[in-house]
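# Inside the fold
Single-letter residue listing:
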Amino acid sequence: MSEILTPAAPVKSSPITWREGSPILDSRCPSGELEKRWTRHKDNLKLVAPHNKRKLEVIVVGAGLAGASAAATLGELGYNVKVFVYHNSPRRAHSIAAQGGINAAKNYRNDGDSVWRLFYDTIKGGDFRARESNVYRLAEVSVKIIDHCVAQGIPFAREYGGYLDTRSFGGAQLMRTFYARGQTGQQLLLGAYAALQRQVALGNVQVYYNHDVLDVVVEEGRARGIIVRNLITGELHRVAAHAVVLATGGYGNAYYLSTNAKLSNATAIWRAHKRGAYFGNPSFVQIHPTCIPQSGEYQSKLTLMSESLRNDGRVWVPRTPGDKRRPQDIPESERWYYLEEWYPSFGNLVPRDIASRAAKRVCDMGYGVGPTGRAVYLDFSDAIKRLGREVIYQRYGNLFEMYEEITGESPWETPMRIYPAVHYTMGGLWVDYNLMTNIEGLYAIGEANFSDHGANRLGASALMQGAGGWVLHSALYHRGLLGDAAFREAFHRYGGFCSG
Ligand SMILES: Cc1cc2nc3c(=O)[nH]c(=O)nc-3n(C[C@H](O)[C@H](O)[C@H](O)COP(=O)(O)OP(=O)(O)OC[C@H]3O[C@@H](n4cnc5c(N)ncnc54)[C@H](O)[C@@H]3O)c2cc1C
């Protein structure tokens, strides 16, 4: 540690340079046919030879799904990687909370899915704000992500015959979401963590726990390193590197009550922004429709109930506003399945924003249930009758238990009460096709950036992008990720080893 960490000196701040009328940012997107862009881009990037990779140092901030998988990949490729996290273990990253699943255009069910359809749904789900080249690449690599995760040992749900099972998520009319009960994020993170630890054991990656990254060092327009505080000793250190990758998660906690862990504090991307990194789509925030409603004044966060529950749960409110009867006592004819009525082609699986707006609307109209009147029912009684308790338990057992633990009510006996909450931030640091911010050598991946998941109205795309940290290895192992300037600097520093 002492070798790389020296006491911090005050850092000169670089002013934010953007002014109205400044040139538009260069997204460095490849041109030509959408389907061939990623392949052509990879083929045209210059490689870094193995003996040279050892000489390049990369800092990865964050070891959630995005950071852990990217760091493991960079280590495997032979770069010198240093990971900084403020948690006492990468397993504490917020990715652990993800429940419902991860999308991939595998078309195992032969229900008409394809890379194109996943791309189209994602672009449409994101209100056409995401960058097409990036989203197409995400859909393309989604197929490999699942294979990679299976190879890592992620225990995805399987059907009787042994094939991977899938389910639907909001906004999609086919079943492309792979899942591990209601613990998909946890299982994926454990896989990424295992890969990371392997690299640690091999000496390619060093992980610094309990280290809070306070600032990004930018000199002459290039990211040169970071300033960190050791949370145990309180000491400040500066750490230099050829490239800095921020994988620090989203900024949902900018809203007081959100489904994010309170430790997801977004300070790293905010500080990068203060150093001149642009923000993209900051107001593009996802309000998730199925969260446990707020129950008290002193509550600091909300709990998500996975969207996968809308596969089998039916959303309703009593047809009479202010009806205080127990839900079990309200006959079928007096229940208003408003999503099924308003949106027959998607039913309960309408996109998240639509489901959220509809729940707020019926509550504003006085139909809301529960003590505050700001909740709607999510009812499994039909599904339990149709499929049996065992099947429902297999699909959602842990979510039912979690709900009961928090509310004291059993979803087996009475419908869940749910209400929308701030959940996911589709905005973030602006990045180009190589996932580099407008600051040379500073990269942002996972929920911290704005790009591919400018399209997460769908759900199950965030894990895809996070786990894609490793799949974007093609960007990582080429000069693309490290940036030409980093490369030039290393070239000068080490006396010229530039590979073709
Ligand atoms: C309850 C819940 C359920 C979800 N379910 C799903 C789902 O089913 N499917 C899906 O696709 N998506 C889901 N999501 C979204 C998805 O989980 C996240 O978008 C994704 O896991 C984010 O991963 P990440 O690696 O970018 O960030 P995180 O997992 O948040 O990791 C951030 C890392 O950065 C570190 N860090 C942050 N700031 C600093 C700093 N200043 N200094 C040092 N370290 C720092 C932290 O220690 C941590 O290691 C869900 C989200 C929530 C909240």
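Residues numbered from 1 in each chain as written. Predicted model: local features only at pLDDT ≥ 70, side-chain atom pairs only at ≥ 80, totals over all residues.

### Some remarks on the overall build of the protein chain
Across its full length, the protein chain holds 14 helices and 19 strands. The buried share among the 500 residues of the protein chain stands at 50%. (Helix = DSSP H or I, 4+ residues; strand = E, 2+ residues; numbered from the N terminus. Buried ≥ 20, exposed ≤ 12 C-beta atoms within 10 Å, placed from the backbone.)

### Remarks on the site of the ligand
The local shell around the ligand holds 45 residues, among which Gly 62, Gly 64, Gly 100, Gly 249 and Gly 446 are the closest. Mapped by element, the contributors of at least two residues to the shell around the ligand are helix H3 (65–77), helix H6 (184–202), strand S8 (211–219), helix H7 (267–274), strand S17 (416–425) and helix H12 (462–471). Each residue belonging to the shell around the ligand can be placed in one class, and the counts come to 21 nonpolar, 22 polar and two charged. There are two domains that each give the shell around the ligand at least three residues, and those are domain 1 (42–284 + 426–493) and domain 2 (287–423). (Near = placed C-beta within 6 Å. Nonpolar A, V, L, I, M, F, W, Y, C, P; charged D, E, K, R; others polar. Domains from an automatic or database assignment.)

### So, the pairing of strand S14 (residues 314–318)
Where S14 and strand S16 (residues 376–379) come together, three bridges link them in antiparallel fashion. The residue bridging Trp 316 from the neighbouring strand is Tyr 377, located in S16. Sheet topology note: the S14/strand S15 (residues 335–336) ladder contains two bridges and is antiparallel. Its bridge partner being in S15, Val 317 is matched across the sheet by Trp 336. (Pairing = 2+ DSSP bridges.)

### Quick word on helix H9 (residues 352–364)
The terminal C-alpha atoms of H9 lie 18 Å apart, and with 13 residues this matches the ideal 18 Å at 1.5 Å per residue to within 8%. All of the buried residues in H9 are Arg 352, Ala 355, Ser 356, Ala 359, Val 362 and Cys 363. Down the axis, H9 shows its buried residues gathered within 135 degrees of arc, on one side only. Turned more than 90 degrees off the buried face of H9, the exposed positions are Arg 361 and Asp 364. Against the buried residues of H9 lie strand S13 (285–291), S14, helix H8 (338–342), S16 and S17. After H9 finishes, the residue Gly 366 shows a positive phi value of roughly 95 degrees. (Expected span 1.5 Å × (residues − 1). Arc of directions from axis to C-beta. Contact = placed C-beta atoms within 7 Å.)

### Focus on the sheet that holds strand S11 (residues 243–246)
Taken in spatial order, the five strands line up as S7-S3-S2-S11-S19 in an open sheet, and their pairing is parallel. Either end of the sheet is taken by a strand with one partner, and the two such strands are strand S7 (205–208) and strand S19 (442–444). Sheet twist, expressed as the mean angle between neighbouring strand axes with direction ignored, is 20 degrees. Pairing between strand S3 (residues 80–84) and S7: four bridges, direction parallel. Among the inter-strand pairings, Lys 82 is bridged to a residue of S7, identified as Gln 206. (Axes fitted to C-alpha atoms, helices over the stretch in contact; angles between N-to-C directions.)

### Considering the sheet that holds strand S4 (residues 102–103)
On the basis of which strands lie adjacent, the open sheet formed by three strands has the order S4-S6-S5 and antiparallel pairing. With one partner strand each, in any of the chains shown, S4 and strand S5 (166–167) form the two edges of the open sheet.

### Brief notes about the nonpolar core
As a rule of thumb, nonpolar side chains are buried together in soluble globular proteins. Of all hydrophobic cores here, the largest spans 92 residues; its most connected members are Val 61, Ala 71, Val 244, Val 245 and Leu 246. With eight residues, the single largest contributor to this core is helix H5 (residues 132–152). Sequence-distant contacts of Leu 246, that is, excluding residues within four places in its chain, are made with Val 61, Gly 62, Ala 268, Ile 269, Ala 272, Leu 429, Tyr 443, Ala 444 and Ala 448. One finds Cys 291, Leu 309, Val 376 and Leu 378 within the second-largest nonpolar core, a separate group that totals 31 residues. (Core = buried A, V, L, I, M, F, W, Y, C linked by C-beta atoms within 7 Å.)

### Quick look at the packing of helix H4 (residues 115–125) against H5
Here H4 crosses H5 at 135 degrees, and the two axes come no closer than 9 Å. Accordingly, the angle class assigned to the pair H4 and H5 is oblique. As H4 runs across H5, the sense of the crossing is right-handed. Note on element contacts: H5 touches H4 through Glu 132, Val 135, Tyr 136, Ala 139, Glu 140 and Ser 142, opposite Val 115, Leu 118, Phe 119, Thr 122 and Ile 123. The residue makeup of the contact of H4 with H5, split by class, is seven nonpolar, two polar and two charged. (Parallel < 35°, antiparallel > 145°, perpendicular 65-115°, else oblique. Left-handed = near helix turned anticlockwise from the far one by under 90°.)

### A closer look at the pairing of S16
Side chains Val 376 and Leu 378 project from S16 onto one buried face, and the interleaved Tyr 377 and Asp 379 project onto a second face that is buried too. Pairing of S16 with S17 involves three bridges; the strand directions are antiparallel. Bridge pairing in S17 places Leu 378 opposite Met 416.

### Section: unusual backbone geometry
Look at Arg 181: it is not a glycine, yet its phi comes out positive at around 45 degrees. Along the polypeptide, Arg 181 turns up in the loop between strand S6 (177–178) and H6. Classification of Arg 181 as buried rests on a count of 22 C-beta atoms within 10 Å. We note that Glu 220 has phi near 50 degrees; this positive angle belongs to a residue other than glycine.

### Some words on helix H1 (residues 34–44)
Those residues of H1 that sit buried are Arg 37, Trp 38 and His 41. Seen from one end, H1 has its buried residues packed into an arc of 85 degrees, which puts them on one side. Those residues of H1 that are exposed and angled more than 90 degrees off the buried face are Glu 35, Lys 36 and Asp 43. For H1, the elements touching its buried residues are H5.

### Observations concerning the packing of H3 against H6
Packing of H3 against H6 leaves a shortest axis separation of 8 Å and a crossing angle of 30 degrees. When the interaxial angle is binned, H3 and H6 end up roughly parallel. Viewed along their axes, H3 and H6 form a crossing whose handedness is left-handed. Facing Leu 65, Ala 68, Ser 69, Ala 71, Ala 72, Gly 75 and Glu 76 of H3, the residues of H6 in contact are Leu 188, Leu 189, Ala 192, Tyr 193, Ala 195, Leu 196 and Gln 199. Its residues placed into classes, the contact of H3 with H6 shows 10 nonpolar, three polar and one charged.

### A short note on the confidence of the model for the protein chain
Overall, the prediction assigns the protein chain a mean pLDDT of 86, with 87% of residues at 70 or greater. Counted against residues more than four places away or in other chains, residues 483–500, with its pLDDT under 50, gives 29 contacts. (pLDDT = per-residue confidence, 0-100.)

### Focus: the environment of Pro 415
Among the structural elements, Pro 415 can be located in the loop between helix H11 (389–407) and S17. Note: C-alpha distance between Pro 415 and Ser 381 (34 residues apart in sequence) is 7.7 Å. Those residues in contact with Pro 415, other than ones at most four positions away along the chain, are Pro 327, Tyr 377, Leu 378 and Asp 379.

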